[in-house]
Amino acid sequence: MSRDKLDQIAEKEQARQSQFDKRVHCCISTACLSAGAGRTIQTLRDSVDAAPTGDEVEVVQTGCMGLCSRGPLVRVQEKSGEEVYYADVDSECAEELVAKTVSWDQAEAKQQELSPELQAVRDRLETARKKRSLKKHILSPDLPFFTKQFKVVLRDVGYVDPEKLEDYLAHGGYEALHKVLTEMSPEQVCDEMLRSGLRGRGGAGFPTGLKWGFVRREESDVKYVVVNGDEGDPGAYMDRTVMEDNPHQVLEGMMIAAYAVGANHGYFYIRAEYPIAVDRIRGAIRAARRHGILGKSVLGTDFSYNADVRIGAGAFVCGEETALMHSIEGKRGVPRMRPPYPSTSGLWGKPTVINNVETLASVPAIIKNGADWYAQIGTEKSKGTKVFALAGQLTNTGLIEVPMGITLREIVYEIGGDVPGDAEFKAAQTGGPSGGCIPNTHMDTPVDYESLQELGSIMGSGGLVIIDSTTSMPEFARFFMDFCVDESCGKCVPCRVGTVQIRTLLDKIIDGRGEPEDLDDLEVLCQLVRSTSLCGLGQSTPNPVLSTLRFFRQEYEALIPSSV
Amino acid sequence: MSDTGSSNGKQKSKVHPSGDDRYVALDRTMKRFHNEKDALLEVLHSAQETFGYLSEELLFYISNHLHVPLSQVYGVATFYHLFTFEPQGKHNCIVCTGTACHVKGSSEIVEKMSAVLSIPVGKTTEDGLFSLSTARCLGCCGLAPVAVINGEIQGKATPETIAKKVGLILADEMVVQDQEEAG
């Protein structure tokens, strides 16, 4: 399908949306659903049907609005573009919300004939109009939770209906793809990415433009693009949200990557624990095929591209790129030595680009707004924004996107709203089982790849779990070591055996049988596993132990009888 | 199955040579991937989805049809946590033990459920009614701690709320059993 036809679809959808006086967005992502968003959206729909009003109101299901701990979340968007957010919207609150936001018109009421069910809803709305509890549910737009964020990847998440291609097009979708196909050479696209300073958001932070450039220069009749959606870090759900709530954005980023490197086929590798993400990505692929966005002659050009979905089966190590490729090939997901890197020998031995979901989801915005625009966000070495899943002992938990260089203090105390109750902040854990714990004394560290690494942690994929004073750090380190023992693939000895030995030592210390030299042994063992393991998983496995030993050594020492 | 469908030719042709119609779905998946060896993981997914677990018989069947050595089929299937080799309970309870859930006390939920059902994690009750398992991270960290009962996510869970939910399901089952015995 040509660009003109897509433009027509986009304009038609925009015109349809603008006819409404009010649009009520209700978040139906996993967190809000489990808080009862299913009932909320039904009540909103019934109430809109039953309310005596001349207003044209549309109730829309959308993706994550961010503040997951206060769900179900609802946003009312006026024709003027003005928006109000409501939190904890249960059925009762939903009725009051509709009763008070639509213009109440008795003349309209007389004309309407209602079914007995809707009449009952109408009666409840009459009562709801007199209530005064709605104000408590309003989230002020001045909350640091909103003002401190800067959205690039999540810009349209929570606004577009993830199951409607038209809605994505109405939000400027596939414009970036069209731009690269018609105005830019593959080389220019790679250069643009390099200039933007975008680095891999999976954790390692390799410059995306450089990676694409390597694959582009490889001579091969077949090349692949792989989207790494195997978000295995416990405590992280950024990629799940983007895949579920704006799947076309990821697909568009993937296609731009494919054009830049000269690939005509690609795979989404998504973990099996994310069935909705799998459905939505598959739905997006089907819709794109129907509209000529995928397939032969993409958007009427001579570029052809196809994408498939492969589902993981619960193995953390499959987030490692060489393991992931083995898994796509139907084998055990074990990593292999690099080089050769996937850029020269990847899937089935062909040059392959593997990018994380968030990385690719950043691409359309960079192409549309230009590399210079993106490069001015963030710090000197870490450009752009990063999405974090804020969880643990915090008042506001949920999904946030912040410019690189923001301090941990701003994230925890301003966006997160501090630790609830009497407990005190103890540490911020970043990077999952491969990361470390950052104590209160380092809260003014800017969040970027290098600074976090200096602290013995990593940026990781974006899990940020806050721990309060009730958590014992040696036990917390053991929790991660348990994870790594289970998830070690068993191929190399340092990781397979080393993790078990580290855990044994931790058990000994935590059980009060520790000896003073155990802490030194623990450190030596950790350094050994770090320097001799085959893949990134093994090399980073000791991080939680090493970082807690570094910042909370006194907790370990307190557990050793003879040293007290 | 073949007897009941004998009057309808169309239905009869669908009956699988093994006598078990569930193999039709599995065959369809293998056919979709042209019986390629590379499709092993997809085929195992399909098999588990259809049969509930991977029996030895199934692994043989897949090995034969994809021309992959049984050792390799077994090696791949056992590598991934998702695949299970025992029949699962009628109901299931999965407790998330991800980082966020861990710091908010998920281990207490696991202990409580293990005590309530008298089974260790990863096992099924003797009557086949309930399976208890844990998950690495369900990605609902904003609502930690989280458990999933029969596919429904329970956010901000406590040992008591989860035990109560499971108790209600078990009570319903007792009623059904009593009725069956009486009837």
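Cut-off values and rules
- Residues numbered from 1 in each chain as written.
- Chains lettered and ligands numbered in written order.
- Predicted model: local features only at pLDDT ≥ 70, side-chain atom pairs only at ≥ 80, totals over all residues.
- Heavy atoms only, no water.
- Buried < 20%, exposed > 50% of the residue type's maximum accessible area, 1.4 Å probe, protein only.
- Helix = DSSP H or I, 4+ residues; strand = E, 2+ residues; numbered from the N terminus.
- Arc of directions from axis to C-beta.
- Contact = heavy atoms within 4.5 Å.
- Domains from an automatic or database assignment.
- Buried area = accessible area lost by both parts, 1.4 Å probe.
- Salt bridge = Lys/Arg side-chain N within 4 Å of Asp/Glu carboxyl O.
- Polar contact = N/O pair within 3.5 Å; in protein donor to acceptor, adjacent residues only side chain to side chain.
- Nonpolar A, V, L, I, M, F, W, Y, C, P; charged D, E, K, R; others polar.
- Pairing = 2+ DSSP bridges.
- Axes fitted to C-alpha atoms, helices over the stretch in contact; angles between N-to-C directions.
- Core = buried A, V, L, I, M, F, W, Y, C linked by side-chain atoms within 4.5 Å.
- pLDDT = per-residue confidence, 0-100.
- Parallel < 35°, antiparallel > 145°, perpendicular 65-115°, else oblique.
- Patch = residues over 30% accessible without salt bridge, like charges linked within 9 Å, V, L, I, M, F, W, Y side chains within 5 Å.
- Areas by Shrake-Rupley, 256 points an atom, 1.4 Å probe, with all protein chains shown as cover.
- Lys, Arg positive; Asp, Glu negative; His and termini not counted.
- Charge placed at Lys NZ, Arg CZ, Asp CG, Glu CD.

Some remarks on helix H18 (residues 408–415) of chain A
Residues and elements named next belong to chain A.
Phase 1: Within the sequence span of H18, burial applies to Leu408, Ile411, Val412 and Ile415. Taken down its axis, H18 places every buried residue within 120° of arc, on the same side.
Phase 2: Lining the buried residues of H18 we find helix H7 (144–147), strand S10 (385–392), strand S11 (398–403), strand S12 (425–430), strand S13 (436–439) and strand S14 (463–468).
Phase 3: The first or second residue beyond H18 is Gly417, which carries a positive phi of 70°.

Section: the domain arrangement of chain A
Note on interface size: it is often stated as the accessible area lost on association of the parts.
Residues and elements named next belong to chain A.
Phase 1: Per the domain assignment, the segments making up chain A are domain 1 (20–141), domain 2 (165–375) and domain 3 (403–563).
Phase 2: The gap between the C-alpha centroids of domain 1 and domain 2 is 37 Å.
Phase 3: If you look at the interface, domain 1 gives six residues, while domain 2 gives seven residues.
Phase 4: When the buried area of domain 1 at its contact with domain 2 is split by residue, Thr30, Cys64 and Cys68 rank highest and sum to 57% of it.
Phase 5: Seen at the junction of domain 1 and domain 2, the total is zero salt bridges.
Phase 6: Scanning the region where domain 1 abuts domain 2 turns up one residue pair in polar contact (both at pLDDT 80 or more).
Phase 7: Here the residues of the side of domain 1 that touches domain 2 are counted per class, giving three nonpolar, three polar and no charged.

Thoughts on the interface of chain B and chain A
Phase 1: Each partner contributes residues to the interface: chain B has 31 residues there, and chain A has 48 residues.
Phase 2: For the pair chain B and chain A, the two sides together bury roughly 3200 Å², of which 58% comes from carbon and sulfur.
Phase 3: For chain B, the biggest contributors to the area lost against chain A are Phe79, Thr99 and Arg136 of chain B; these three give 22% of the whole.
Phase 4: In this assembly, chain B and chain A are joined by two salt bridges.
Phase 5: With a shortest N-O distance of 2.7 Å, Arg136 of chain B and Asp486 of chain A are connected by a salt bridge.
Phase 6: Inspection of the chain B/chain A interface yields 20 residue pairs in polar contact (both at pLDDT 80 or more).
Phase 7: Those elements that provide at least two residues to the side of chain B that touches chain A are helix H3 (40–51), helix H5 (70–79) and helix H6 (99–103) of chain B.
Phase 8: Here the residues of the side of chain B that touches chain A are counted per class, giving 16 nonpolar, ten polar and five charged.

Digging into the pattern of salt bridges
All names here are of chain A.
Phase 1: Inspection of every chain in the model, using the stated rule, returns 41 salt bridges over all chains.
Phase 2: Note that Arg280 and Asp245 form a salt bridge whose closest N and O atoms lie 4.0 Å from each other. Separated by 35 residues along the polypeptide, Arg280 in helix H14 (residues 275–290) and Asp245 in helix H12 (residues 238–245) bring together distant segments of the chain.
Phase 3: Overall, the relative accessible area of 11% leaves Arg280 in the buried class.
Phase 4: Salt bridges sharing common partners tie together Glu13, Arg16, Arg23, Glu58 and Lys164.

Comments concerning the sheet that holds S10 of chain A
All names here are of chain A.
Phase 1: With mixed pairing, the five strands of this open sheet are ordered in space as S11-S10-S14-S12-S13. Sheet topology places S11 and S13 at the edges, where each strand pairs with a single neighbour. With strand direction ignored, the average angle separating the axes of adjacent strands in the sheet is 30°.
Phase 2: Bridge count for S12 against S14 is five bridges, and the pairing is antiparallel. Each residue of the ladder has a partner; that of Thr430, found in S14, is Leu464.
Phase 3: Those strands touched by H12 are S10, S11 and S14, and its axis lies near 110° from that of S10.

Some words on the nonpolar core
One broad trend across soluble globular proteins is that nonpolar side chains are buried collectively.
Residues and elements named next belong to chain A.
Phase 1: Within the largest apolar cluster, 87 residues are counted, with the highest numbers of intra-cluster contacts made by Leu177, Trp212, Phe268 and Tyr305.
Phase 2: Sorting elements by how many residues they give to this core places helix H13 (residues 247–261) first, with ten residues.
Phase 3: Ranked by size, the runner-up nonpolar core spans 61 residues in total, among them Tyr267, Val334, Leu506 and Cys526.

Focus on the confidence of the model for chain B
Residue and element names in this part refer to chain B.
Phase 1: Of the residues in chain B, 92% reach a pLDDT of 70 or more, and the chain-wide mean stands at 89.
Phase 2: Mean pLDDT per element in chain B: helix H1 (residues 9–14) is the minimum at 49, and H5 is the maximum at 97.
Phase 3: Under a pLDDT of 50 for its full length, residues 1–12 has, in the predicted model, four contacts with residues more than four places off or in other chains.

What to know about the domain arrangement of chain B
Phase 1: Under the domain assignment, chain B is made up of domain 1 (14–79) and domain 2 (91–177).
Phase 2: Each of domain 1 of chain B and domain 2 of chain B has a C-alpha centre, and the two are 30 Å apart.

A short note on the sheet that holds strand S6 (residues 224–229) of chain A
All names here are of chain A.
Phase 1: What the four strands build is an open sheet, ordered S8-S7-S6-S9; its pairing is parallel. Each of the sheet's edge strands pairs with one partner strand only, and the pair in question is strand S8 (306–311) and strand S9 (352–356). Between one strand and the next, the sheet's axes are offset by a mean angle of 20°, whatever the strand orientation.
Phase 2: With six bridges connecting them, strand S7 (residues 265–270) and S8 associate as parallel partners. Bridged to Gly266 within S8 is Ala307.
Phase 3: Packing against the sheet, helix H16 (residues 357–369) makes contact with S6 and S9, and its axis sits at approximately 90° to S9.

Overview of unusual backbone geometry
Phase 1: The omega angle of the peptide bond from Gly71 of chain A to Pro72 of chain A is -5°, so this bond is cis rather than trans.
Phase 2: Inspection of the secondary structure assignment puts Pro72 of chain A in the loop between strand S2 (57–62) and strand S3 (74–78).
Phase 3: Geometrically, the link from Ala144 of chain B to Pro145 of chain B is a cis peptide bond, its omega value of -10° lying close to zero.
Phase 4: The residue Pro145 of chain B is located in the loop between strand S2 (130–135) and strand S3 (147–149) in this model.
Phase 5: In this model, Tyr174 of chain A sits at a positive phi of 65°, which is unusual for a non-glycine residue.
Phase 6: As for its position among the elements, Tyr174 of chain A is in the loop between helix H8 (165–170) and helix H9 (175–183).
Phase 7: Overall, the relative accessible area of 1% leaves Tyr174 of chain A in the buried class.

Regarding the packing of helix H11 (residues 208–217) of chain A against H13 of chain A
Residues and elements named next belong to chain A.
Phase 1: Between H11 and H13, the least distance of the axes is 8 Å, while the angle of their chain directions is 45°. Considering their axes alone, H11 and H13 lie oblique with respect to each other. For the pair H11 and H13, contact is made by Trp212, Val215 and Arg216 and by Ile256, Ala257, Ala260 and Val261, respectively.
Phase 2: Partitioned by chemical class, the residues of the contact of H11 with H13 number six nonpolar, no polar and one charged.

Description of a positive patch on the surface
Phase 1: Together, Arg282, Arg286 and Arg290 of chain A together with Arg32 of chain B give the surface a local cluster of positive charge.
Phase 2: Sort the elements by how many residues they give to the positive patch and H14 of chain A lands first, with three residues.
Phase 3: If you trace the backbone, Arg286 of chain A turns up in helix H14.

Some details on a nonpolar patch on the surface
All names here are of chain A.
Phase 1: Taken together, the side chains of Leu194, Phe206, Leu210 and Phe214 present a nonpolar region at the surface, about 320 Å² in accessible area.
Phase 2: Mapped onto the fold, Phe214 is located in helix H11.
Phase 3: On the accessibility criterion, Phe214 (35% relative accessible area) is partly exposed.

Points about the pairing of S9 of chain A
For a regular strand, side chains alternate in direction, first toward one face of the sheet and then toward the other.
Residue and element names in this part refer to chain A.
Phase 1: Of all five residues in S9, five are buried, a share of seventy percent or more.
Phase 2: Residues Thr352, Ile354 and Asn356 point to one face of S9 and Val353 and Asn355 to the other, with burial holding for every one of them.
Phase 3: One ladder, built from five bridges, connects S6 with S9; its direction is parallel. Following the sheet pairing, Val227 is matched in S9 by Asn355.

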